[in-house]
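Reading the structure
Each chain is listed here by its residues.
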Amino acid sequence: MSLQATVIAKFREHFGEAPAHVVRAPGRVNLLGEHVDYNDGFVLPIAIDRATWLAFSRSDTDQTTLRAVDLSEEISFSSATLSAKTDATGKPLPTWALYPAGVMWALKEAGLAIPALSGVYTSDVPQGSGLSSSAAVEMAFVLAWQTLGGWNLPPMERALLGKKAENKYVGVNSGIMDQFASACGEQDRLLHLDCRSLEWQTLPLPSDIAIIVADTKMRRALTSGEYNRRRANCEEAVRILREELPGITSLRDVDLETFNRLASRLPERVEKRARHVVEEIERSVHAILLLEQGDMVEFGKLLNQCHASLRDLYEVSIPELDTMVSVAQSLPGCYGARLTGAGFGGCTVNVVAREQADAFSSALAAGYEVQTGFPPEIYICSASRGAELI
Ligand code: GLA
């Protein structure tokens, strides 16, 4: 059964009638520009063909009641208890419910109408896999409340509200990339966002490459604090560099030459983190030129460099991700491979010659299993549309 059919059937089962609406909001995979969105850099994600599906209707009561199909759990909360982060009985909200409740809270803060709703949702974006399952949930709920609330915001505004929910309610100090990709995705197009100006454009995905996601099946919790610590390191670098460069507001303002000149002023760990960011922003600028020229060989090399940098400088890789990447990089047809998303587990992204995609996928699965003893999950993904009312 498709996920759409599943949420409709489960909604009927729980609420005794058909849902009024269904929305779909995709996860994303990022090709280049990792850990730079919160440093005002550039990112190159696509929205993928895996998504959260949410079936919903306006509720007759003041309670929003949600059923998470994948967890077989249900929760009720109301606009009145949002700040307390409790459910209808006064118990603290479980982690999964913080995302929809956080969205409701952010919309309320923005003065938008948030009628109570009854909803059932499911997702095939694996949690903690680096594919933005949480942004997909957030974007599905923003769209649901937009549908019931009678207001209409452009996708980027919806993305910013989802980010606010995640930053201020869930407590992860993430950037805008994930919500942006989930809200603004376009079929068969790569997205290019300037995270400072929030200007974005789309580029055609070259037809002779495949984007392959390889899931190590190792999971991380983004709330673990490591992510927020990386961000704090970047902010510390800016504070110190500002003594010499008073005009800077983020690492985006520091080019590599200037950074090299001043790097010795930074504590070692801060220097490594900041070097990754400065070099990654340069890579992402270069990447656009290479894509426009159709030079996939050089583009792929940037992915490989990005992985080495995330492993050695930003220190967000794990051995299984390194294994997945090194097996991939040794295979025919592979232009480039690297971990994608925040790191600490999850998936790699591989840019591969399309005619070799199937052979590559089988060889990668076999090679990874031989080295780790675990079978991975590997799939060729396509760039999909952003969050939409079905
Ligand atoms: C997570 C965050 C994003 C971004 C990536 C790393 O996915 O939600 O904002 O920082 O990590 O690039």
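Structure shown above.
Computed from a predicted structure; not experimentally measured.

Remarks on the site of the ligand
Contacts to the ligand come from Arg 28, Glu 34, His 35, Asp 37, Tyr 38, Ser 174, Gly 175, Met 177, Asp 178, Tyr 227, Gly 341 and Ala 342. With respect to the ligand, the side chain of Glu 34 contributes an N or O atom lying 2.5 Å from an oxygen atom. Within the complex, the protein chains bury 99% of what would otherwise be the 310 Å² of accessible surface of the ligand. Split into classes, the residues belonging to the shell around the ligand amount to 4 nonpolar, 4 polar and 4 charged.

What to know about the nonpolar core
Within the largest apolar cluster, 111 residues are counted, with the highest numbers of intra-cluster contacts made by Val 29, Leu 44 and Phe 299. Per-element accounting of this core gives the leading share, 10 residues, to helix 2 (residues 95-109). In contact with Leu 44, not counting residues within four places along its chain, are Asn 30, Leu 31, Leu 32, Leu 190, Leu 191, His 192, Leu 203, Ala 287, Ile 288, Leu 291 and Phe 299. Within the second largest apolar cluster, 16 residues are counted, among which are Val 325, Ala 337, Val 352 and Ala 357.

Notes on the pairing of strand 1 (residues 21-30)
In terms of burial, strand 1 is largely enclosed, as 9 of its 10 residues are buried. With 2 bridges connecting them, strand 1 and strand 13 (residues 388-389) associate as antiparallel partners. If you follow Arg 24 over to strand 13, its bridge partner there is Glu 388.

Points about the pattern of salt bridges
On inspection of all chains with the given rule, the structure shows 22 salt bridges. Between Arg 273 and Glu 315 there is a salt bridge; the shortest N-O distance is 2.8 Å. Pair noted here: Arg 273 is in helix 8 (residues 268-293) and Glu 315 is in the loop between helix 9 (296-312) and helix 10 (319-329), with a separation of 42 residues, a long-range link. Take Arg 273: its relative accessible area is 4%, and that puts it in the buried class.

A closer look at the sheet that holds strand 9 (residues 209-215)
Spatial ordering of the open sheet is given by 10-11-9-12, a layout of 4 strands whose pairing is antiparallel. In this open sheet, the two strands that pair with only one neighbour each are strand 10 (334-339) and strand 12 (377-381). On average, each strand axis in the sheet is tilted by 20 degrees relative to the strand beside it, whichever way the strands run. The pairing of strand 9 with strand 12 spans 5 bridges and is antiparallel. Looking at strand 12, one finds that Ile 211 is bridged to Cys 381. On the sheet, helix 10 packs against strand 9, strand 10 and strand 11 (347-353) and is oriented at approximately 175 degrees with respect to strand 10. Where helix 11 (residues 357-372) meets the sheet, its contacts fall on strand 9, strand 10, strand 11 and strand 12, and the angle it forms with strand 12 comes to roughly 160 degrees.

Cut-offs applied
Residues numbered from 1 in each chain as written. Predicted model: local features only at pLDDT ≥ 70, side-chain atom pairs only at ≥ 80, totals over all residues. Heavy atoms only, no water. Near = heavy atom within 4 Å. Polar contact = N/O pair within 3.5 Å; in protein donor to acceptor, adjacent residues only side chain to side chain. Areas by Shrake-Rupley, 256 points an atom, 1.4 Å probe, with all protein chains shown as cover. Nonpolar A, V, L, I, M, F, W, Y, C, P; charged D, E, K, R; others polar. Core = buried A, V, L, I, M, F, W, Y, C linked by side-chain atoms within 4.5 Å. Buried < 20%, exposed > 50% of the residue type's maximum accessible area, 1.4 Å probe, protein only. Helix = DSSP H or I, 4+ residues; strand = E, 2+ residues; numbered from the N terminus. Contact = heavy atoms within 4.5 Å. Pairing = 2+ DSSP bridges. Salt bridge = Lys/Arg side-chain N within 4 Å of Asp/Glu carboxyl O. Axes fitted to C-alpha atoms, helices over the stretch in contact; angles between N-to-C directions.

These values are about where atoms sit, not about what they do.
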